[in-house]
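Structure at a glance
Chain by chain, the residues run as shown.
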Amino acid sequence: MSTATLPDDLLLRERFGDIKPPLEPQAAVIEANRCLNCFDAPCTGACPTHIDVPGFIKRISTGNLRGSALRILDANILGASCAKACPVEVLCEGACVMHRYNHAPIQIARLQRYAMDSFEATGEELLTAPRGSRNVQVACIGGGPASLACAAELCRHGASATILERKDLLGGLNTYGVAEYKLRAADSLREAEMIRRMGVEFRTGAAIDTAEALEELESEFDFLFVGVGLGAMQRMNIPGEDQKGVLNALEFIASYKTGRLRELAGTVVVVGAGNTAIDAANAARRLGAETVYLLYRRGERDMSAFDFEYEHAKQEGVQFLWRRQPFAVRANERGRLLLDTVQVSEVDKALLPIPDSHYTIECDYVIPAIGQSPFAQLVQELRRIELRGGIIVTDPETGQTGNSRYFAGGDCANGGREVVDAVADGKRAARAILKIAEAAYA
Ligand SMILES: Cc1cc2nc3c(=O)[nH]c(=O)nc-3n(C[C@H](O)[C@H](O)[C@H](O)COP(=O)(O)OP(=O)(O)OC[C@H]3O[C@@H](n4cnc5c(N)ncnc54)[C@H](O)[C@@H]3O)c2cc1C
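Now for a quick tour of the structure. (Residues numbered from 1 in each chain as written. Predicted model: local features only at pLDDT ≥ 70, side-chain atom pairs only at ≥ 80, totals over all residues. Heavy atoms only, no water.)

Quick word on the sheet that holds strand β4 (residues 223-226)
Operational definition: Here, any two strands with at least 2 DSSP bridges between them count as paired. Only DSSP runs of H or I covering at least 4 residues are called helices, and only runs of E covering at least 2 are called strands; the numbering of each starts at the N terminus. As a rule, the C-alpha atoms of each element are fitted with a line to give its axis, helices using only the stretch in contact, and angles between N-to-C directions run from 0 to 180 degrees.
Taken in spatial order, the 5 strands make up an open sheet running β3-β2-β1-β4-β15, and their pairing is parallel. Across the chains shown, the open sheet's two edge strands, defined by having one partner strand only, are β3 (201-204) and β15 (406-408). Within this sheet the neighbouring strands show an average axis-to-axis angle of 20°, counted without direction.

See the structure below:
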């Protein structure tokens, strides 16, 4: 069965044009030739999947685009999506030695995209060992970057890997969450399709939610990799938050990315100040909202969003309301929302309301984006896997949990980081499983 796809949505393309457009061939070669090919490659060290950055860039400069792409894919099977989604400012490009000489860093992400785009255009398949040539069967629960990377690595080495995904589409947050101007849902699905063609089996609409479902997997497979990500958005826990017009940030983002929501008019208030809040605010602006406020209970310096995401949101026209906390949502007779807020001050880390500072914002939508809750509870209850704060505890070297048949990686095990961390986790677990299997069958 092939992976489901989404129709090419021209309106979406227009509204969410590439934030980092592709390089033209000549520009790519010029940029590749700027790379100093450092012997200690701090860029490679800063990449959780340790892509050989100087190596793939060198191949671009000599016109060997296939070799360049294969170099990237060797380390990171989601090299195409990582080229677009990675916060490179704090990873490879942030570590580039050019900073030391007051020069702009090498545009590593755009070069990576250039190599990956050209590889994809050739339609070449990746070589894998024949499925089943290693006698080990692995179930990967969840179809996001962690499981895709784990399954692909297993498959490359001849193990059988099957992904069980609750939703209809593969890719996890690459498909449903990452802002469209960085990574299109359609591109994420194309990448998943490449992994399917490598020999990974996909079972979609397959939620593993019960003891029976897990037991079935345990009898069918030798090992289980848990890559279920994080769960639903946290609630604000204030009166009126179930009003029509209060939109869960993840569902809001997924709706526009899959073409179900195409327009948003009026005034929008996003609550929170992490990267998801910024993504939701920017998306609201691009979908047509005239005024978008981002409301945060602490100050500018306390935001968890990356600085470059904050700067981007300002450019999109998002307005920031600092040290303000919502305490109720109401609706007026015209059907608009009234978000009651109060100014707060921080005393010994506690946030205290300032008397007489109530302020009601009349708006059309409220989008809470105050973090996701872990939902690994199920796994712990059923198989006594240790959790800490809802996050699955794993061996940092292997990703193995306290239950030796279970491995875990990605957001459900690292607490919520980036796509590239999930890929690194999935690859690491696959390699550990292959090692155990090799020892067992030697
Ligand atoms: C709004 C948003 C924007 C982001 N933007 C970026 C960005 O720009 N760049 C970046 O690098 N990172 C970004 N991230 C973080 C990144 O998306 C995650 O770190 C990454 O997707 C984690 O991968 P994962 O495989 O662990 O989990 P996920 O991507 O969450 O995938 C988990 C999958 O498991 C499935 N699943 C869950 N439970 C079950 C079950 N019981 N049975 C079967 N399937 C199940 C889910 O449906 C999902 O498909 C963003 C995150 C969010 C929320």
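Examining the site of the ligand
What counts here: Only a single heavy atom is needed: when it lies within 4 Å of a molecule or strand, its residue is near that molecule or strand. Two N or O atoms count as a polar contact when they lie within 3.5 Å, although within protein this holds only if one can serve as hydrogen donor and the other as acceptor, and sequence-adjacent residues are included solely when both atoms are side-chain atoms. Only the protein chains shown count as covering a residue, and every accessible area follows the Shrake-Rupley method with a 1.4 Å probe. Note that Gly is not counted as nonpolar here; it falls among the polar residues with everything else outside the nonpolar set of Ala, Val, Leu, Ile, Met, Phe, Trp, Tyr, Cys and Pro and the charged set of Asp, Glu, Lys and Arg.
Near the ligand, the surroundings consist of 36 residues, among which Ala85, Glu165, Leu173, Lys182 and Asp411 are the closest. Pro145 is positioned with one of its backbone polar atoms (N or O) 3.2 Å from an oxygen atom of the ligand. Protein contact buries 94% of the 990 Å² of open area that the ligand shows by itself. Contributing elements (two or more residues each) for the shell around the ligand: α9 (145-156), β2 (160-165), α13 (249-257), α14 (275-286) and α18 (419-441). Grouping the amino acids of the shell around the ligand by side-chain chemistry returns 17 nonpolar, 10 polar and 9 charged.

Focus on the nonpolar core
The cut-off we apply is this: Take the buried residues of types Ala, Val, Leu, Ile, Met, Phe, Trp, Tyr and Cys, join any two whose side-chain atoms come within 4.5 Å, and each joined set is a nonpolar core. Buried, partly exposed and exposed residues are distinguished by accessible area as a fraction of the type maximum, computed with a 1.4 Å probe on protein chains only: under 20%, between the cut-offs, and over 50%, respectively. Each domain's limits were defined by an automated method or a database of domain assignments. The contact rule is simple, with two residues in contact once any of their heavy atoms fall within 4.5 Å.
By size, the foremost hydrophobic cluster in this structure holds 72 residues, and its most contacted members are Phe56, Ile60, Ile77, Leu111, Leu154 and Ile195. In terms of residues, this core owes the most to one element, α18, which gives 10 residues. When residues of this core are assigned to domains, at least three fall in each of domain 1 (19-122) and domain 2 (137-231 + 373-441). Ignoring any residue separated from it by four or fewer positions in sequence, one finds Ile195 in contact with Ile77, Leu78, Leu148, Ala152, Val200 and Phe202.

Regarding the state of the cysteines
Filter applied, for reference: Cysteine sulfur atoms that come within 2.5 Å of each other are treated as a disulfide pair.
One pass over the full model with this rule turns up 0 disulfides. Counting only cysteine sulfurs, Cys86 is the nearest neighbor of Cys47, a cysteine outside any disulfide, at a range of 6.5 Å. Of the cysteine sulfurs around Cys82, a residue in no disulfide, the closest is that of Cys86, at 4.2 Å. The exposure class assigned to Cys82 is buried, which follows from its relative accessible area of 3%.

Describing helix α12 (residues 211-220)
Quick reminder of the rule: Of all possible arcs, the one meant is that of the directions from the helix axis to the C-beta atoms.
Looking only at α12, the buried set comprises Ala213, Leu214, Leu217 and Glu218. Along the long axis of α12, the arc covered by the buried residues comes to 140°, so they all point the same way. Exposed residues lying more than 90 degrees from the buried face of α12 are Glu212, Glu216 and Ser219.

A short note on the packing of helix α4 (residues 53-61) against helix α8 (residues 108-122)
Rule in force here: We call two directions roughly parallel when the angle between them is under 35 degrees, roughly antiparallel when it is over 145, roughly perpendicular when it lies between 65 and 115, and oblique otherwise. Take the far helix as your reference; a near helix turned counterclockwise from it by less than a right angle gives a left-handed crossing, and one turned clockwise gives a right-handed crossing.
Direction vectors running N to C along α4 and α8 enclose 60°, while the axes themselves pass 10 Å from each other. Considered as vectors, α4 and α8 are oriented oblique to each other. For the crossing formed where α4 meets α8, the hand is left-handed. Side by side, α4 and α8 meet where Val53, Phe56, Ile57 and Ile60 of the first sit next to Ile108, Leu111, Gln112, Tyr114 and Ala115 of the second. Per-class residue counts for the contact of α4 with α8 are 8 nonpolar, 1 polar and no charged.

What to know about the pattern of salt bridges
So the rule is basically this: Salt bridge, as used here: a side-chain nitrogen of Lys or Arg that lies within 4 Å of a carboxyl oxygen of Asp or Glu.
Overall, the coordinates contain 34 salt bridges when judged by the stated rule. Between Glu309 and Lys182 there is a salt bridge, with its nearest N and O atoms 2.8 Å apart. Pair noted here: Glu309 is in helix α15 (residues 307-316) and Lys182 is in the loop between α10 (173-176) and α11 (185-197), with a separation of 127 residues, a long-range link. Considered together, Glu309 and Lys182 belong to a single accessibility category, that of buried residues. One salt bridge connects Arg388 with Glu386, and the closest N-O pair in it is separated by 3.3 Å. Its relative accessible area of 43% is what places Glu386 among the partly exposed residues. Linked through salt bridges whose partners overlap, the residues forming this network are Asp18, Arg113, Asp117 and Arg184.

Topic: unusual backbone geometry
Residues other than glycine seldom take positive phi values, yet His50 does so here, at roughly 55°. Locating His50 in the fold gives a position in the loop between α3 (42-46) and α4. Of note in this structure, Asn102 is not a glycine but carries a positive phi near 60°.

A short note on the sheet that holds strand β5 (residues 267-271)
Strand order in the open sheet formed by 4 strands is β7-β6-β5-β12, and the pairing between neighbours is parallel. The outermost strands of the open sheet, each flanked by one partner alone, are β7 (319-321) and β12 (365-368). The sheet shows a mean angle of 25° between the axes of neighbouring strands, direction not considered. Here strand β6 (residues 291-295) runs beside β7; their pairing, made up of 3 bridges, is parallel. Bridge pairing in β7 places Leu295 opposite Leu321.

Let's talk about empty space enclosed by the protein
Using the following cut-off: Computed over the protein atoms alone on a 1 Å grid, cavities are sets of points where a 1.4 Å probe fits but cannot get out and pockets are open sets with protein on both sides within 12 Å along at least five of seven lines; a residue lines them when it has an atom within 4 Å of a point. Grid points are joined across faces, edges and corners, and a volume is the space filled by probe spheres set on the points.
Considering all chains together, one arrives at 6 cavities of 30 Å³ or more under this definition. Looking at the largest cavity, its volume works out to about 120 Å³. Around the largest cavity, the lining is made up of 15 residues, and of these Cys47, Cys86, Val88, Cys92 and Gln112 lie nearest the centre. Its residues assigned to classes, the lining of the largest cavity shows 13 nonpolar, 2 polar and no charged. Of all elements in the fold, only α3 and α4 reach the threshold of two or more residues within the lining of the second largest cavity. Top contributing element to the lining of the second largest cavity by residue count: α4, with 3 residues. Taken together, the residues that form the lining of the second largest cavity break down as 13 nonpolar, 1 polar and no charged.

Side note on the packing of aromatic side chains
Each aromatic ring pair is specified by the distance between its two centres and by the angle formed by the two planes. The condition that has to hold: Side-chain rings of Phe, Tyr and Trp, where Trp is taken by its six-membered ring, are said to pair if the distance between their centres is within 6.5 Å; with planes under 30 degrees apart they count as stacked, over 60 as edge-to-face, and otherwise as tilted. Here, a charge over a ring means that NZ of Lys or CZ of Arg falls within 6 Å of the ring centre while also lying within 35 degrees of the ring normal.
Tallied over the full model, the rule gives 9 aromatic pairs. With a centroid separation of 6.0 Å and 75° between ring planes, the pair formed by Phe223 and Phe407 is classed as edge-to-face. Placement of Phe223 in strand β4 and of Phe407 in strand β15 is noted, with a sequence separation of 184 residues between them. Judged by centre distance (4.9 Å) and plane angle (85°), the rings of Tyr310 and Phe320 are edge-to-face. With Tyr310 in helix α15 and Phe320 in strand β7, the pair connects residues that are 10 residues apart, well separated along the chain. With respect to burial, Tyr310 and Phe320 carry one shared label: buried. One aromatic cluster is present, built from ring pairs that chain together Phe16, Tyr181, Phe252 and Tyr256. Sitting over the ring of Tyr176, Lys167 keeps its end group 4.4 Å from the ring centre. Cation over ring: Lys314 sits above Tyr310, and NZ or CZ is 4.2 Å from the ring centre.

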